[in-house]
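Listed below, chain by chain, are the residues.
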Amino acid sequence: MTAPIDIFPRWQAWIAAFDDAVARDDWSGLAEFLTEDVVYRVSGSPFDCHLRGRDAVIAGFARSVRGFDRRMQRRDWSAIGIRVYPSGYVTCRIHSAYRLDDANAISFEATGHWGFRDGRIDLMLDFYDDSQRDVQLALGALTALQGHVDPRYAD
C-alpha cells in the first residue's frame, strides 16, 4: 500500500490535472493518474453511472463536463473535510456552485472517495445525498434546465 504521505500529494496533483482538463477541454493528462481498470461510480442523482476502465472513465468525464460544466458561466468547487487513510484512500465533501446565467444558479454538496493502488487511482465514488435540501434544490434546478445542460457521464 502507498503511505498517506504519498497519497495526498498525488490526490492534489489529480485534482489540479482534472481542473486543467476542464479548463482546456484536453483530457489527455488524466490517464497517468488512473489504473487501466479504474472504476468510477456516481450514486444518488439522475446522472448516476458505473464506468469501468480508464478510457471509459475519461470519456465519461469529458462528456459530463462538456454537457454541463462548460455550458456554465461560472464553475466553483472546494474540498471540505479532506481525510487521508493509511489504507490508500482519500475522502472529502465537495461543495460545488455553478451559474448558468443571472437567473439560474446551482449549489450543492457531495461526498467523494478516491482509492489508490500503486500511486494511481483505481476507484472513484461520488455520492449525492438526496435527503439534503441543497441536493434536492440542485436536482430540481437540473430538471428545469433539461435541454440546456446534460450532466450525464454516459448515454
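See above for the structure.
Here is what the cut-offs are and how they apply
- Residues numbered from 1 in each chain as written.
- Predicted model: local features only at pLDDT ≥ 70, side-chain atom pairs only at ≥ 80, totals over all residues.
- Heavy atoms only, no water.
- Pairing = 2+ DSSP bridges.
- Helix = DSSP H or I, 4+ residues; strand = E, 2+ residues; numbered from the N terminus.
- Salt bridge = Lys/Arg side-chain N within 4 Å of Asp/Glu carboxyl O.
- Buried < 20%, exposed > 50% of the residue type's maximum accessible area, 1.4 Å probe, protein only.
- Core = buried A, V, L, I, M, F, W, Y, C linked by side-chain atoms within 4.5 Å.
- Contact = heavy atoms within 4.5 Å.
- Expected span 1.5 Å × (residues − 1).

**Here we look at the pairing of strand β1 (residues 34-43)**
In regular strands, side chains alternate between the two faces of the sheet.
Line of reasoning, step 1. As paired elements, β1 and strand β6 (residues 120-127) share six bridges and run parallel to each other. Within the sheet, the bridge partner assigned to Tyr 40 lies in β6 and is Met 124.
Line of reasoning, step 2. The pairing of β1 with strand β2 (residues 49-52) spans four bridges and is antiparallel. Within the sheet, the bridge partner assigned to Val 39 lies in β2 and is Arg 52.
Line of reasoning, step 3. Connecting the antiparallel pair β1 and β2 is a turn made up of five residues, with Gly 44 showing a positive phi of about 95 degrees.

**Side note on the pattern of salt bridges**
Line of reasoning, step 1. This model, assessed by the stated rule, comprises 14 salt bridges.
Line of reasoning, step 2. The salt bridge partner of Asp 37 is Arg 117, with a shortest N-O separation of 2.7 Å. Of the two residues, Asp 37 sits in strand β1 while Arg 117 sits in strand β5 (residues 104-117), which places them 80 residues apart along the sequence.
Line of reasoning, step 3. Since its relative accessible area comes to 42%, Asp 37 is described here as partly exposed.
Line of reasoning, step 4. Ionic pairing is found between Arg 63 and Asp 155, a salt bridge with its closest N-O pair at 2.6 Å. With Arg 63 in helix α2 (residues 54-67) and Asp 155 in the segment after α3 (133-144), the pair connects residues that are 92 residues apart, well separated along the chain.
Line of reasoning, step 5. What you see here is one network of salt bridges that share partners, running through Arg 63, Asp 150, Arg 152 and Asp 155.

**Focus on the nonpolar core**
Line of reasoning, step 1. Judged by nonpolar contacts, the single largest core of 46 residues is most densely connected at Trp 14, Trp 27, Phe 61, Trp 114 and Met 124.
Line of reasoning, step 2. For this core, the element with the most residues is helix α1 (residues 4-24), which contributes eight residues.
Line of reasoning, step 3. In this view, Phe 61 contacts Trp 14, Phe 18, Trp 27, Leu 30, Tyr 40, Met 124 and Tyr 153; residues no more than four positions away in its chain are not counted.

**Side note on α2**
Line of reasoning, step 1. Under the 1.5 Å per step criterion, the end-to-end length of α2 is 20 Å for 14 residues, consistent within 8% with the ideal 20 Å.
Line of reasoning, step 2. The complete set of buried residues in α2 reads Arg 54, Val 57, Ile 58, Gly 60, Phe 61, Ala 62, Ser 64, Val 65 and Gly 67.

Purely spatial values, then, with no claim about function.
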